[in-house]
Amino acid sequence: MEKWSLMTVTVLLALTVRWAVSLGSYSGAGKPPMYGDYEAQRHWQEITYNLPIRQWYFNTSDNNLLYWGLDYPPLTAYHSFVCAYIAKLINPDWVALHTSRGYESQPHKLFMRTTVFVADLLVYIPAVVLYCFSLKETSAKKKASTCALCILLYPGLILIDHGHFQYPLSLGLALWAVLCLSHDWDLLGSVAFCLALNYKQMELYHSLPFFCYLLGKCFKKGLKGKGLVLLAKLAGTVLVSFAACWLPFGTDVEQIMQVLRRLFPIDRGLFEACMFSSPTHCPDKVANIWCSLSVLIKIKNVISPRTQLKLSFAVTFLSLLPACIKLTVQPSLRGFKFALVSCALSFFLFSFQVHEKSILLVSVPVCLIINEIPFMATWFLLVSTFSLLPLLLKDELLLPFAVTTPAFLAVCLASFSILEKTSAEDLQLKAFSLSLRGYVSWFKSFPRIVRSLFLLSLSLMGVLSVLSAALPPPQRLPDLFPVAVALVSCLHFLLFLLYFNVVILWDSKNRGQKKIS
């Protein structure tokens with residue numbers, strides 16, 4: 001009973017923070033003609049409610065795809081339709097075809113914010129709570145609630161979902177999939193992940209770890225016996241799940257192809273919204289390798305779009321290959337969670353048409369291992385939130401950022417004493433350090449070096465945050481601070497990618513894992 005009391009307080013505190021952030025501004029507020037992501041979500045409700053399904057993804061006189069055309073999979077569209085149905089009952093003006101474009105009012109804002117709260121309460125938060133209770137390392141009542149508190153107070157997700165405006169459904173469904181797999185409910189986990197993927201195509205960031213982990217389990221069971229049966233069941237589950245999601249579009253091949261073209265607009269080139277296309281203008285700033293390199297080399301001017309696609313695919317594939325091979329050969333739940341982080345980070349750094357918000361696809365898996373490597377997880381989560389700073393400033397979310405980020409750090413310091421957990425063993429680098437101890441003399445002072453780098457990183461991020469918020473940039477370099485934020489964040493992410501791959505590749509113990517038989 002006591003553990004549920006502690007968890008109830010934790011959830012109430014998390015909801016209070018979300019409510020406070022939701023009182024502020026949102027993406028594109030009062031900024032015609034395109035407004036922002038808030039208007040995009042409202043517009044999808046307008047389209048899905050007023051138009052037949054066959055027109056949802058096609059350009060027509062009633063559905064101008066250049067104005068926030070639907071570009072997510074069918075489950076997003078179905079969710080928009082459900083929200084629109086409720087909105088119509090409250091106030092038909094909110095979803096009226098054509099005339100509701102750019103609609104803004106306090107009652108409508110309350111409604112839209114409430115839909116995000118409901119998604120959080122029904123999908124994301126329950127998954128976090130149950131996940132924390134399921135952790136063997138957190139069997140103590142206090143440990144489960146403190147772990148949940150750190151995850152639920154992660155500022156990046158709160159600021160994007162309840163500030164900028166976004167639904168946490170795909171990440172919540174992916175978390176349910178991880179939870180199911182941790183209990184060996186492989187078929188239910190497959191269904192949950194298929195739903196996540198059919199809500200947002202960016203869940204492809206997590207697809208290879210799911211595939212490799214389940215395939216590895218089949219190999220371990222033997223492909224001439226139980227493994228083959230499991231593989232057949234998994235394949236059937238995936239096919240049925242996708243068929244159910246795409247059923248309304250399945251009667252027409254052209255419908256399916258049009259949806260796929262909307263989901264994967266490869267003709268746009270390598271950059272979607274992360275182009276440092278000129279020294280004086282970069283509309284959105286993404287802390288990945290292509291945008292960072294474009295500060296020096298204008299990639300889009302020297303490489304054709306098709307070559308960009310091939311290059312991006314090759315680099316992404318090669319960067320995630322070691323973790324995927326290790327997970328397939330030695331499937332373990334611990335390895336699976338670390339592979340989710342590593343593969344998602346590879347996608348973010350090297351893949352095609354990355355948005356700055358995609359860093360959340362890395363951050364949520366990092367939250368899942370915060371109890372195992374609290375120091376590095378906290379550090380990563382702080383950097384990921386910092387990388388969103390240009391977007392948050394654009395949405396006038398500086399105050400929520402300035403409050404929630406230090407508060408999150410304070411909670412992690414109090415919950416895990418992270419500054420005391422910087423030894424090679426605490427960072428899961430013992431095996432790696434033993435292999436280098438004879439060659440690298442400074443490994444003895446490793447904890448002190450790591451703490452110094454952490455404090456230097458915090459100082460740098462703090463200075464750049466203050467400069468970005470308080471000082472106007474030089475006239476000749478109007479994007480100086482956003483570019484600096486992106487470059488600093490990208491450098492951090494590259495080092496984190498190296499770290500997570502070292503942990504994965506040098507881990508031979510798979511401690512605390514159930515034997516797969």
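Remember, predicted model here, so these are calculated numbers, not experimental data. (Residues numbered from 1 in each chain as written. Predicted model: local features only at pLDDT ≥ 70, side-chain atom pairs only at ≥ 80, totals over all residues. Heavy atoms only, no water.)

Participant: Can you tell me about the overall build of the protein chain, naming the residues and giving the values?
Facilitator: Helix and strand counts for the protein chain come out as 21 helices and zero strands. Its C-alpha atoms give the protein chain a radius of gyration of 23 Å, within 12% of the compact-globule value 24 Å for 517 residues. Reported as C-alpha extents along the three principal axes, the dimensions of the protein chain are approximately 70 × 65 × 55 Å. Burial statistics for the protein chain: of 517 residues in total, 56% are counted as buried. A fraction of 77% describes how many contacts in the protein chain between residues 6 or more apart in sequence connect residues 24 or more apart. As presented, the protein chain carries roughly 22500 Å² of accessible surface, and 69% of it is formed by carbon and sulfur atoms. Seen as two clouds, the 44 positive and the 28 negative side-chain charges of the protein chain have centres 10 Å apart. (Helix = DSSP H or I, 4+ residues; strand = E, 2+ residues; numbered from the N terminus. Rg over C-alpha atoms; globule rule 2.2 N^0.38 Å. Buried < 20%, exposed > 50% of the residue type's maximum accessible area, 1.4 Å probe, protein only. Contact = heavy atoms within 4.5 Å. Areas by Shrake-Rupley, 256 points an atom, 1.4 Å probe, with all protein chains shown as cover. Lys, Arg positive; Asp, Glu negative; His and termini not counted. Charge placed at Lys NZ, Arg CZ, Asp CG, Glu CD.)

Participant: Lay out empty space enclosed by the protein with the relevant residues and their values.
Facilitator: By rolling a water-sized probe across the atoms, one finds the places where empty space is left. If you walk through the whole model with that rule in mind, you get five cavities of 30 Å³ or more. Each pocket or cavity is described by its volume, and for the second largest cavity that value is around 60 Å³. Around the second largest cavity sit Leu171, Ala174, Leu175, Val178, His206, Phe210, Leu340, Val364, Pro365 and Leu368, which together line it. Secondary-structure elements contributing two or more residues to the lining of the second largest cavity are helix 7 (169-182) and helix 15 (360-368). Ranked by the residues each element gives to the lining of the second largest cavity, the list is headed by helix 7, at four residues. When residues are assigned to domains, the lining of the second largest cavity turns out to be shared by domain 1 (167-263) and domain 2 (265-507), each giving three or more. (1 Å grid on protein atoms, 1.4 Å probe; cavity = no way out; pocket = protein on both sides within 12 Å on 5 of 7 lines; lining within 4 Å. Points joined across faces, edges and corners; volume = space filled by probe spheres on them. Domains from an automatic or database assignment.)

Participant: Break down the packing of aromatic side chains for me, with residues and values.
Facilitator: Inspection of the entire model under this criterion finds 27 aromatic pairs. Look at Tyr205 and Phe347: their rings are 5.2 Å apart centre to centre, the planes differ by 20°, and that puts the pair in the stacked class. Here the residue Tyr205 occupies a position in the loop between helix 8 (186-197) and helix 9 (207-246), and Phe347 occupies one in helix 14 (residues 333-350), the gap between them amounting to 142 residues. In this structure Tyr205 comes out as buried when scored by relative accessible area, which is 7%. Under the relative-accessibility criterion, Phe347 is labelled buried at 17%. Taking the centre distance of 6.1 Å and the plane angle of 10° together, the rings of Phe313 and Phe317 count as stacked. Taken together, the residues Phe313 and Phe317, both in helix 13 (residues 305-329) and four residues apart, mark about one turn of the helix. For Phe313, a relative accessible area of 59% puts it in the exposed group. Taken together through their ring pairs, the aromatic side chains of Phe338, Phe348, Phe375, Trp379, Phe380, Phe454, Phe493, Phe496, Tyr499 and Phe500 make up a single cluster. Against the face of Tyr67 rests Arg101, its NZ or CZ located 3.7 Å from the ring centre. Over the ring of Tyr72 we find Lys200, and its NZ or CZ is 5.3 Å from the ring centre. (Phe/Tyr/Trp six-rings, centres within 6.5 Å; stacked < 30°, edge-to-face > 60°. Lys NZ or Arg CZ within 6 Å of the ring centre and 35° of its normal.)

Participant: Any chance you could break down the domain arrangement of the protein chain for me, citing the residues and the numbers?
Facilitator: Per the domain assignment, the segments of the protein chain are domain 1 (167-263) and domain 2 (265-507). Using only C-alpha atoms to locate each centre, domain 1 and domain 2 end up separated by 27 Å. Taken together, the 23 residues of domain 1 in the interface contact 24 residues of domain 2. Taken over both partners, the interface formed by domain 1 and domain 2 buries close to 2000 Å², and the fraction arising from carbon and sulfur atoms is 81%. The largest contributions to the domain 1 side of the interface with domain 2 come from Tyr205, Pro209 and Tyr213, which together make up 34% of the buried area. (Buried area = accessible area lost by both parts, 1.4 Å probe.)

Participant: Got a sec to walk through the environment of Leu223? Specific residues and values, please.
Facilitator: In this structure, Leu223 sits in helix 9. Sequence separation between Leu223 and Tyr213 is ten residues; the distance between their C-alpha atoms is 15 Å. Sequence-distant contacts of Leu223, defined by excluding residues within four places in its chain, comprise Cys218, Leu228 and Leu231.

Participant: Now, about the confidence of the model for the protein chain: what can you tell me, with residues and values included?
Facilitator: Taken over all residues, the pLDDT of the protein chain has a mean of 90, while the share at 70 or more is 92%. When the elements of the protein chain are averaged for pLDDT, helix 19 (residues 430-436) gives the smallest value, 78, and helix 8 the largest, 98. Contacts from residues 273-283, a stretch scored under 50 in pLDDT, to residues over four places away or in other chains number 34 contacts. (pLDDT = per-residue confidence, 0-100.)

Participant: So what's going on with the nonpolar core? Residues and values would help.
Facilitator: Formed by 122 residues in total, the largest nonpolar core has its most connected members in Phe348, Phe380, Phe493 and Phe500. Residues lining this core come from more than one domain, with at least three contributed by each of domain 1 (167-263) and domain 2 (265-507). Leave out the neighbours within four places in its chain, and Phe493 touches Ala287, Leu345, Phe348, Leu349, Ile359, Phe380, Val383, Ser384 and Ser387. Trp56, Cys83, Ala87 and Val259 belong to the second-largest nonpolar core, a separate cluster that totals 34 residues. (Core = buried A, V, L, I, M, F, W, Y, C linked by side-chain atoms within 4.5 Å.)

Participant: Go over unusual backbone geometry, please, and point to the residues and values.
Facilitator: In this chain, Pro32 is followed by Pro33 through a cis amide linkage whose omega measures 5°. Positive phi, close to 115°, is recorded for Phe165, a residue that is not glycine. The topology assignment puts Phe165 in helix 6 (residues 155-165). Of note, the phi angle at Gln353 is positive, near 55°, even though the residue is not glycine.

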